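Close look at the chain arrangement
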Amino acid sequence: MSETKTDSILQRPLEFAGDPADLSTQQLVELSGNIFRQSKVTKVFNIDGAALNKLLSEVFKHHRQNDYHNHSHACHVLLNTFRFLSPIIPTIPPIETLTVLLSALCHDLDHAGVPNASLVSQKADVAIKYDGVSPLENHSVDEAFNFFQADGMKVLDNLNESDKAFFTANFRDLILATDLGNAAKGAETKEQWSSHFGNGRGSCWAELQHQLPRRLAMYRLVLLAADIGIVCETPQVYVNWVARLFKEMSASDPKLELVGFYTGQSKFLDFYAQPMYEKLVSVEFLNFAGVHSTRLKANRAAIGIHLAALTNQSASQDHLDVKLWS
């Protein structure tokens, strides 16, 4: 894609179909800024362009140069969140939109590039600080609040007391929900979803407009789906990001083998991503189209091809006993 065409598509985030990893930091700032502007939160909360650009620049600067958990991933999760919620953003309370978008942007801020489990087992300072509970996510939240409160950061300055209270109460909770290794938090998210959306309940947006607990349950799962949204990109983009994830994980775990890693990825698609996306597709007012299921199946096939090549045999058909989101 030419530079002129790329710059043009950055103005229309919902049409962006490339790989954020191919964008420069300045282009990530531009794409992210357009998401915040087109969601109208900049107008509602009187966030001027200079303040927004400063925040985005600082947030991206404070993502480490990890292979996977980096500023490109942060932008991708923000983009996915905007995509999924786009049909209802005009009617969502603005403070909820702002909270969810900032949660997506900052969910892996200053990520160490090492899994929580490794930090806990190594008794790393950050794990001790948070008593071993979602240390990476808790650290990202605290780093983000430091940014929001720093001199010159005016993104939250114009929130009234009620909006500030909502943001403070829910920003951390949304980010903590992205810790896939926290079984208790995962069970809580699943229970909330089943309670509010099980058996087709809550599939009509009019039902949710005056029911905050249901909307919060929806935001949680949307952010989770956005966090793993690479599974619904084109196979080439997906495979590239999976390779980056292996490189990042193997740096902290030299014993990690490709066959085991790709077997794990195939099971992740089968028993986590696919059931989760099926639930979100059932909510008709969200922007989950057939393309997501089509690409996810194509990416599952791509992983199968990798496994077959690595093992020189048919792709593994092993199954887990329980589908996590079934």
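**Focus on the pattern of salt bridges**
Across all of its chains, the model carries 14 salt bridges by this definition. Here Glu188 makes a salt bridge to Lys185, at a shortest N to O gap of 3.5 Å. Residue Glu188 and its partner Lys185 are both found in helix α11 (residues 183–197); the two are separated by three residues, about one turn of the helix. On the accessibility criterion, Lys185 (15% relative accessible area) is buried. Here Arg300 ties to Asp270 by a salt bridge, and the two come within 2.9 Å at their closest N and O atoms.

**Looking at the layout of surface pockets**
Approximately 250 Å³ is the volume attributed to the second largest pocket. What lines the second largest pocket is a set of 14 residues, and nearest its centre among them are Arg83, Cys232, Val291, His292 and Arg295. Only α5 (71–85) and α16 (290–311) provide two or more residues apiece to the lining of the second largest pocket. Residue classes in the lining of the second largest pocket are distributed as seven nonpolar, four polar and three charged.

**A closer look at the environment of His196**
Take His196: it is sitting in helix α11. When the C-alpha atoms of His196 and Leu216 are compared, they prove to be 10.0 Å apart, with 20 residues separating the residues in sequence.

**Focus on the nonpolar core**
Judged by nonpolar contacts, the single largest core of 93 residues is most densely connected at Phe36, Leu102, Phe148, Phe171, Met218 and Leu286. The element contributing the most residues to this core is helix α13 (residues 212–227), with nine residues. When near neighbours in sequence (up to four residues on either side) are disregarded, Leu102 contacts Phe36, Leu55, Phe148, Val155, Leu156, Phe167 and Phe171. Core analysis: the next-biggest nonpolar cluster, separate from the first, contains five residues, Leu119, Ala124, Ala127 and Leu136 among them.

**Here's the deal with the environment of Phe36**
Relative to the elements of secondary structure, Phe36 occurs in helix α2 (residues 25–38). Judged by relative accessible area, Phe36 falls into the buried class, the value being 3%. Setting aside anything within four residues of it in sequence, one finds Phe36 in contact with Val41, Thr42, Leu52, Leu56, Leu78, Leu98, Leu101, Leu102 and Leu105.

**What to know about the packing of α2 against α5**
Each pair of packed helices gets described by two things: the angle between the helix axes and the distance between those axes. At a minimum axis separation of 10 Å, α2 and α5 run at an interaxial angle of 25°. When the axes of α2 and α5 are compared, the pair comes out roughly parallel. Of the two possible hands of crossing, α2 and α5 adopt the one that is left-handed. When α2 is examined against α5, the residues Thr25, Leu28, Leu31, Ser32, Ile35, Phe36 and Gln38 are found in contact with a partner set consisting of His71, Ser72, Cys75, Leu78, Leu79 and Phe82. Here the contact of α2 with α5 is composed, by residue class, of eight nonpolar, five polar and no charged.

**Looking at the confidence of the model for the protein chain**
Predicted confidence across the protein chain gives a mean pLDDT of 88, with 91% of residues reaching 70 or more. Across the protein chain, the secondary-structure element scoring lowest on mean pLDDT is helix α1 (residues 3–9), at 61, and the one scoring highest is helix α6 (residues 94–106), at 98. Segment residues 314–326 is flagged for pLDDT under 50; beyond a separation of four residues in sequence, or across chains, it makes 29 contacts in the model.

**So, a nonpolar patch on the surface**
Nonpolar side chains collect at one region of the surface, where Leu258, Val259 and Leu310 lie side by side and expose about 200 Å² of accessible area between them. Structurally, the position occupied by Val259 is in helix α15 (residues 258–281).

**Quick look at α6**
For α6, spanning 13 residues, the distance from its first C-alpha to its last is 18 Å, which sits close to the expected 18 Å at 1.5 Å a residue. In terms of residue burial, α6 counts as a mostly covered element, since twelve of its 13 residues are buried. For α6, every residue scored as buried is listed here: Ile95, Glu96, Thr97, Leu98, Thr99, Val100, Leu101, Leu102, Ser103, Ala104, Leu105 and Cys106.

**Some words on the side chain of Asp227**
By the element assignment, Asp227 lies in helix α13. Put simply, Asp227 is tucked away with no salt bridge, and the nearest opposite charge, on Arg220, sits 13 Å away. Within the structure, the side chain of Asp227 is placed 3.0 Å from the side chain of His73, a separation counted as a polar contact. Excluding its chain neighbours within four sequence positions, the residues that come into contact with Asp227 are Tyr68, His73, Val77, His107, Asp108 and Thr178.

Quick notes on the rules
- Residues numbered from 1 in each chain as written.
- Predicted model: local features only at pLDDT ≥ 70, side-chain atom pairs only at ≥ 80, totals over all residues.
- Heavy atoms only, no water.
- Salt bridge = Lys/Arg side-chain N within 4 Å of Asp/Glu carboxyl O.
- Helix = DSSP H or I, 4+ residues; strand = E, 2+ residues; numbered from the N terminus.
- Buried < 20%, exposed > 50% of the residue type's maximum accessible area, 1.4 Å probe, protein only.
- 1 Å grid on protein atoms, 1.4 Å probe; cavity = no way out; pocket = protein on both sides within 12 Å on 5 of 7 lines; lining within 4 Å.
- Points joined across faces, edges and corners; volume = space filled by probe spheres on them.
- Nonpolar A, V, L, I, M, F, W, Y, C, P; charged D, E, K, R; others polar.
- Core = buried A, V, L, I, M, F, W, Y, C linked by side-chain atoms within 4.5 Å.
- Contact = heavy atoms within 4.5 Å.
- Axes fitted to C-alpha atoms, helices over the stretch in contact; angles between N-to-C directions.
- Parallel < 35°, antiparallel > 145°, perpendicular 65-115°, else oblique.
- Left-handed = near helix turned anticlockwise from the far one by under 90°.
- pLDDT = per-residue confidence, 0-100.
- Patch = residues over 30% accessible without salt bridge, like charges linked within 9 Å, V, L, I, M, F, W, Y side chains within 5 Å.
- Areas by Shrake-Rupley, 256 points an atom, 1.4 Å probe, with all protein chains shown as cover.
- Expected span 1.5 Å × (residues − 1).
- Lys, Arg positive; Asp, Glu negative; His and termini not counted.
- Polar contact = N/O pair within 3.5 Å; in protein donor to acceptor, adjacent residues only side chain to side chain.

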